[in-house]
Each structure stands twice: as C-alpha cells, then as structure tokens.
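# A look at the structure
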Amino acid sequence: MASLNVGNLGEYLREQRRNAQLSLRQLADAAGVSNPYLSQIERGLRKPSAEVLQQVAKALRISAETLYVRAGILDAERDREESRQQGSTRAVILADPTLNERQKQVLLQIYESFRKENGFEIARAGTADENGRVAQEAPDTDDAHSTDTPGPRTADGSDAGPRRNAG
C-alpha cells in the first residue's frame, strides 16, 4: 500500500502514544479501533475519519482539533464552510427582487473586493447571474471622463445614460 498524504499525523500519533506509555494494542482497545487499523494510521497507510480521530484523541487525552488539523480535515472543513458562506451571500444578492441586475453586479464586485482586501481569494474571475452562469467582468474603462456618475433611470429601472458632474 502506498503512503497517503496525511501530513505527519501518524508520526504525531505514535509520539503521543509513546508519551502516554501505551502500547499500540492498549491504545487501539481504549479508542475502540482495531490494532491493525491503528498501526496503518501510524504508518500513514490509512486516513482515519474525524470520528476515529476523536476516539483516539479521547484515549490519548489530547485535543481532537489538533489531530484534525494534522490530518488535514479541519482546514478542508473550514474551506468548504467558507465556500458555502460565500455562495450563500452571492445567492442572496442574486435572488433579491428589489435590486436590478446592474445593482446586483455592483454589489457582487464590492463584496469580492472586500474579500480580496481581507486576504481571501475570489472563487471565480467573473460574477454569476441568477442561473449561476459566470459572466466575464468588463474591462476597467477609467479615463478622462471619470466624473461621470449614473444618471436617471427609465421606468423599468435601466440606466438612461450618464449624468455629467460639474467639474
């Protein structure tokens, strides 16, 4: 069997077991897992579930969170949660019937810029419409006419054209 990429979980478990002065068999019994399975975890041949890690942590009287991090479970769960939250925020903005499409896109761009400013990568290059399709962002067109501001709206809420600021 090839070794799995589970960080240094196995080495860490072996070290903690030895510090607790437990044999492999004693720890397996205390954790409620088989001796061969625990041996494979220590050798990096198996990636245990969060439940097994919790049982082993309890038997060793150490933090289960430490084992989750070493096994790469905790970071993966945080990434999934962050992605879910970001998706939820996008979905709420896109589903809001009180906003027109232009307003939704502006809000999503602001949201993405704040996330980027706070050190979070933007999940995709464009922004999604209400069907989840990604539209490419328009190129930045700042030029000498940067004093243009959104002008009046038509009855259906679309842009009737820019209004010039007195400059």
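The numbers attached to residues start from 1 for each chain and follow its sequence in the written order. The model is predicted, so local features are restricted to residues of pLDDT at least 70 and side-chain atom pairs to those at 80 or more, both for listing and for counting; the totals for chains, interfaces and linings are taken over all residues. Processing note: side-chain calculations cover all non-hydrogen atoms of the structure and skip hydrogens and water entirely.

### Structural notes on the overall build of the protein chain
To keep things clear, this is the line we draw: Numbering of helices and strands runs from the N terminus; a helix is a DSSP stretch of H or I covering at least four residues, while a strand is a stretch of E covering at least two. Three exposure classes are used, based on accessible area relative to the maximum for each residue type with a 1.4 Å probe and protein chains only: buried under 20%, partly exposed in between, and exposed over 50%. Contacts: residue pairs with any heavy atoms within 4.5 Å of one another. Here the open area of atoms and residues is found with the Shrake-Rupley method and a 1.4 Å probe, where only the protein chains shown may cover a residue.
The secondary structure content of the protein chain amounts to seven helices and four strands. Secondary structure elements of the protein chain, listed N to C terminal, follow the sequence α-α-α-α-α-α-α-β-β-β-β. Within the protein chain, the proportion of its 167 residues that are buried is 28%. A fraction of 44% describes how many contacts in the protein chain between residues 6 or more apart in sequence connect residues 24 or more apart. Accessible surface for the protein chain amounts to roughly 11,300 Å². Of this, 49% is attributable to carbon and sulfur atoms.

### Side note on helix H4 (residues 50-60)
Put simply, the rule is: It is the directions from the helix axis to the C-beta atoms that the arc portrays.
Regarding H4, the residues found buried are Val 52, Leu 53, Val 56, Ala 57 and Leu 60. Buried residues of H4, viewed axially, fall in a sector of 135°; they line one side. More than 90 degrees from the buried face of H4, the exposed residues found are Glu 51 and Lys 58.

### Overview of the environment of Tyr 68
Topologically, Tyr 68 is positioned in helix H5 (residues 64-71). Linking Tyr 68 and Ala 50, residues 18 residues apart in sequence, is a C-alpha distance of 6.8 Å. With near-sequence residues (within four places) excluded, Tyr 68 lies in contact with Ala 50, Leu 53, Gln 54, Ile 73 and Leu 74.

### Quick look at H5
We count it as follows: Pairs of N or O atoms within 3.5 Å make up the polar contacts considered here, provided that, within protein, one atom can donate a hydrogen while the other can accept it, and that residues adjacent in sequence are counted only when both atoms are side-chain atoms.
Within the sequence span of H5, burial applies to Ala 64, Leu 67, Tyr 68 and Ala 71. Angularly, the buried residues of H5 cover 100° about the axis, an arc narrow enough to put them on a single face. Regarding H5, its N-cap is Ser 63, as a side-chain oxygen of that residue lies 3.1 Å from the backbone nitrogen of Glu 65 further along. The first or second residue beyond H5 is Gly 72, which carries a positive phi of 80°.

### Considerations on the packing of aromatic side chains
Heads up, the condition is: In summary, the pairing rule links any two rings of Phe, Tyr or Trp, Trp by its six-membered ring, whose centres are within 6.5 Å, and it sorts them by plane angle into stacked for under 30 degrees, edge-to-face for over 60 and tilted for everything else. Here, a charge over a ring means that NZ of Lys or CZ of Arg falls within 6 Å of the ring centre while also lying within 35 degrees of the ring normal.
This structure, assessed with the given rule, holds zero aromatic pairs. When the ring centre of Tyr 12 is taken as origin, the NZ or CZ atom of Arg 70, which lies over that ring, is 3.9 Å away.

### Description of the environment of Asn 8
Among the structural elements, Asn 8 can be located in the segment before helix H1 (9-19). By relative accessible area, which is 36% here, Asn 8 ends up partly exposed.

### A look at the pattern of salt bridges
The condition is simple: Any carboxyl oxygen of Asp or Glu that lies within 4 Å of a side-chain nitrogen of Lys or Arg is treated as forming a salt bridge with it.
This model, assessed by the stated rule, comprises four salt bridges. Glu 42 is paired through a salt bridge with Arg 14; the nearest N and O atoms lie 3.4 Å apart. One end of the pair, Glu 42, is in helix H3 (residues 35-42); the other, Arg 14, is in helix H1, and 28 residues separate them in sequence. By relative accessible area, which is 23% here, Arg 14 ends up partly exposed. Between Lys 104 and Glu 101 there is a salt bridge; the shortest N-O distance is 3.3 Å. You can see Lys 104 and its partner Glu 101 sitting in helix H7 (residues 101-117), three residues apart, about one turn around the helix. Put simply, Arg 14, Arg 17 and Glu 42 are held in one network by salt bridges that share partners.

### Some details on unusual backbone geometry
One non-glycine residue, Gln 21, lies in positive phi territory at about 55°. Topologically, Gln 21 is positioned in the loop between H1 and helix H2 (24-31).

### Considering a nonpolar patch on the surface
For the record, the criterion: Distance thresholds for patches are 9 Å for like charges and 5 Å for nonpolar side chains (Val, Leu, Ile, Met, Phe, Trp, Tyr), applied to residues having over 30% relative accessible area and no salt bridge.
A surface patch of nonpolar side chains, about 250 Å² in accessible area, is lined by Val 106, Ile 110 and Phe 114. Counting through the fold element by element, Val 106 comes out in helix H7. Residue Val 106 is classed as partly exposed on the basis of its relative accessible area, which comes to 34%.

Everything listed here is a matter of coordinates, which is why it stays silent on function.
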